[in-house]
Amino acid sequence: MISPRVDVTIDCLDDTHMAEYLQLQPKGQESLIHNRFSHGHACFAARYEGRLIAVAWATPHRVNMSPYVSLVMSLPDNSIYFYESFTEPGFRGLSIQVALCAHMMRYFGAKGFQRAVTGVVPENEPSRRVYAQCGFQPYKMIRFVMAGPYRRLLPAASRIHDR
């Protein structure tokens, strides 16, 4: 198990922590966050000396992979989707997201989930490293072409290997 290089506590947030969440993620839209909670999404949090410094979301439901891709994905039974992790810039590189991810894997494993899935853009090397340290392996790359408002998904390789 990888431990963060600072002493953090990990817990779950709910919508009563909205002000605290929005301090960490000021771009977060309050209505979007309320909607996630009302639809059963879980938000895990890491705290340093009581202060919220990192979050990561998870859901077993159908998900919008990313507004960048505009792709909706249904999950197989017993699967959980990890998404939108964020760490305060001053705490990055300290394995906090790795600790959050490992906690989430144990939490959802104990609830009977057998598979965790995530999506990371290839250019996001820090997130790719975090998920690799948690045991995730690249499986498929989603490719698409965009021209103005038009988007077209391209066929994906059946399995890819990390570079």
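Just so it is clear, the structure is predicted and the values come from calculations on it, not from any experiment. (Residues numbered from 1 in each chain as written. Predicted model: local features only at pLDDT ≥ 70, side-chain atom pairs only at ≥ 80, totals over all residues. Heavy atoms only, no water.)

**Overview of the nonpolar core**
When a protein is soluble and globular, its nonpolar side chains tend to lie buried together.
Right, on to step 1. Counting residues in each nonpolar core, the largest one holds 22 residues, and the members touching the most others are Ala46, Ile53, Phe82, Ile96, Met104 and Phe108.
Right, on to step 2. Sorting the residues of this core by element identifies β2 (42-48), β3 (51-59), β6 (79-87), α3 (96-110) and α4 (125-133) as the ones contributing at least two each.
Right, on to step 3. Counting residues per element, this core draws most heavily on α3, which supplies 6 residues.
Right, on to step 4. Ignoring sequence-local partners within four residues, the contact set of Ala46 consists of Val8, Thr9, Ile10, Arg51, Leu52, Ile53, Ala54, Ile96 and Leu100.
Right, on to step 5. By size, the runner-up hydrophobic cluster in this structure holds 17 residues, among which are Leu13, Phe37, Cys43 and Leu75. (Core = buried A, V, L, I, M, F, W, Y, C linked by side-chain atoms within 4.5 Å. Buried < 20%, exposed > 50% of the residue type's maximum accessible area, 1.4 Å probe, protein only. Helix = DSSP H or I, 4+ residues; strand = E, 2+ residues; numbered from the N terminus. Contact = heavy atoms within 4.5 Å.)

**Examining the packing of aromatic side chains**
Right, on to step 1. Evaluation of the coordinates by the stated rule reveals 12 aromatic pairs.
Right, on to step 2. On the numbers, 5.9 Å between centres and 55 degrees between planes, the contact of Phe82 with Phe136 is tilted. Taken together, the residues Phe82 in strand β6 and Phe136 in the loop between α4 and β8 (143-147) connect sequence positions 54 residues apart.
Right, on to step 3. Looking at Phe82, the relative accessible area reads 2%, which means it is buried.
Right, on to step 4. Overall, Phe136 belongs to the buried group, its relative accessible area being 16%. (Phe/Tyr/Trp six-rings, centres within 6.5 Å; stacked < 30°, edge-to-face > 60°.)

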